[in-house]
Amino acid sequence: MTKRAYKERFYPTPEQAELLAQSFGCARFVWNNTLAYRTEAYQIHGQSISHSAAEKRLVALKAEYLWLKDVSSVILQQTLRDQKAAFDNFFNSKLNARYPRFKRKDRRQSIRLTRAAFRYRDGEITIAKATEPLPIRWSRPLPCAPSSITLSRDRAGRYFISCLCEFTPETLPVSPKTVGIDLGLTDLFITSDGHKSGNPRHLKRYEAKLAYHQRRLVRKQKGSKNRTKARHKVARLHAKIADCRRDAIHKATRTLVNENQVLCVESLNTAGMVKNRLLAKAISDAGWGEFVRQLEYKAEWAGRQLVKVSRWLPSSKVCHGCGHRVEKLPLSQRRWHCAGCGGAIDRDINAANNIRTAGLAGLACGATGAGTAA
């Protein structure tokens with residue numbers, strides 16, 4: 001058994017939307033107030049506030065701000081637990097997480113509820129303080145009753161519910177195929193068998209329309225209703241771009257996992273690569289990090305093996321046929337001739353083949369796939 005989140009969209013009634021807005025506001029207030037208290041205590045007195053002390057302080061906050069009692073107490077308690085997790089990640093040097101930030105009203109809002117704050121019955125979910133179940137558009141039935149749910153509203157005004165459930169993944173039949181995957185910009189991914197996916201470039205497709213709405217946004221008076229409407233139009237367009245990108249990556253990764261038993265991919269430093277201002281937009285639009293993330297969990301659920309090859313492997317400069325290596329290979333040069341065997345080399349397909357070879361060599365040496373070096 002493993003845990004999986006099932007995310008669905010729902011359309012709340014006016015009463016539910018009001019309750020959710022109030023819940024988001026209370027959770028945001030508790031987060032910001034507690035974060036300011038913890039930061040000030042450390043900066044002025046050098047004191048670290050524990051989670052238990054923050055929970056005791058929550059009782060005083062509810063006595064001072066009576067409107068905090070209008071929402072479920074579980075929401076406020078989970079907010080403090082989420083902040084504790086954020087601080088734990090910050091102090092964990094391996095995760096390289098940043099210091100927790102204050103939450104803004106005009107950004108994505110979310111609250112998390114445990115079983116004490118919602119009821120799941122006959123495929124319907126009713127949250128605390130609500131009289132009717134949430135009108136959820138189910139795309140598939142849940143495998144079991146959720147242990148917790150997360151309700152969120154994005155900047156485009158859409159409501160989502162994420163249900164954490166236990167399920168048993170179905171292992172796919174063993175496949176004799178292995179593949180090396182090279183990530184790129186001209187093509188989103190290139191496989192060692194010569195397949196090139198192409199790159200839909202979702203951001204570029206809507207870039208002119210996005211720029212138009214952004215220009216209209218900055219011309220609106222701050223605080224006006226017209227500015228709010230313009231901001232929602234920009235947010236909806238950003239959401240559409242993100243949805244298109246996520247859908248394309250889901251379909252590509254599912255196909256790769258279904259067809260191949262072993263998948264070898266290069267472990268790229270995406271965070272460092274986007275610092276190149278000439279390629280940052282194209283790299284971010286490609287979604288390499290999300291592509292690899294989806295390959296990881298889908299391969300684990302399907303009983304496949306994902307091998308990450310070292311980023312320092314000169315996969316493009318080494319001929320996969322004879323092993324000859326060229327000294328210089330500019331990024332603009334997509335094809336080159338091997339001086340060793342005389343063959344015509346496609347840069348991307350050659351890199352995918354070298355990644356596959358390095359990944360299989362790592363498996364033969366007993367590597368687990370957590371960063372195999374050639």
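Residues numbered from 1 in each chain as written. Predicted model: local features only at pLDDT ≥ 70, side-chain atom pairs only at ≥ 80, totals over all residues. Heavy atoms only, no water.

Going by what an unreviewed UniProt entry lists, the protein is known as IS200/IS605 family element transposase accessory protein TnpB and is assigned to Halomonas icarae.

Caption draft 1: Seen up close, the overall build of the protein. Scanning the protein from N- to C-terminus turns up 10 helices and 13 strands. When the backbone C-alpha atoms are referred to their principal axes, the protein occupies close to 80 × 50 × 50 Å. Buried positions account for 40% of the 374 residues belonging to the protein. In the protein, the proportion of contacts linking residues at least 24 apart, taken out of those at least 6 apart, comes to 69%. Taken as a whole, the protein presents about 21,600 Å² of accessible surface, with 51% of it coming from carbon and sulfur. Taking the average location of the 67 positive side-chain charges in the protein and that of its 31 negative ones, the two points are 6 Å from each other. (Helix = DSSP H or I, 4+ residues; strand = E, 2+ residues; numbered from the N terminus. Buried < 20%, exposed > 50% of the residue type's maximum accessible area, 1.4 Å probe, protein only. Contact = heavy atoms within 4.5 Å. Areas by Shrake-Rupley, 256 points an atom, 1.4 Å probe, with all protein chains shown as cover. Lys, Arg positive; Asp, Glu negative; His and termini not counted. Charge placed at Lys NZ, Arg CZ, Asp CG, Glu CD.)

Caption draft 2: Summary view of unusual backbone geometry. The backbone of asparagine 96 sits at a positive phi, close to 55°, despite the residue not being glycine. Residue position: asparagine 96 is located in the loop between α3 (73–91) and β2 (109–114). Note on asparagine 96: relative accessible area 70%, which makes it exposed. Positive phi is not limited to glycine here, since arginine 201 has a value of about 50°. Within the fold, arginine 201 resides in the loop between β9 (189–191) and α4 (202–205). According to the relative accessible area criterion, arginine 201 is partly exposed, its value standing at 32%.

Caption draft 3: Representation of the domain arrangement of the protein in the model. We note that the domain assignment places domain 1 (2–167) and domain 2 (178–198 + 242–365) within the protein. Centre-to-centre separation of domain 1 and domain 2, based on C-alpha positions: 38 Å. (Domains from an automatic or database assignment.)

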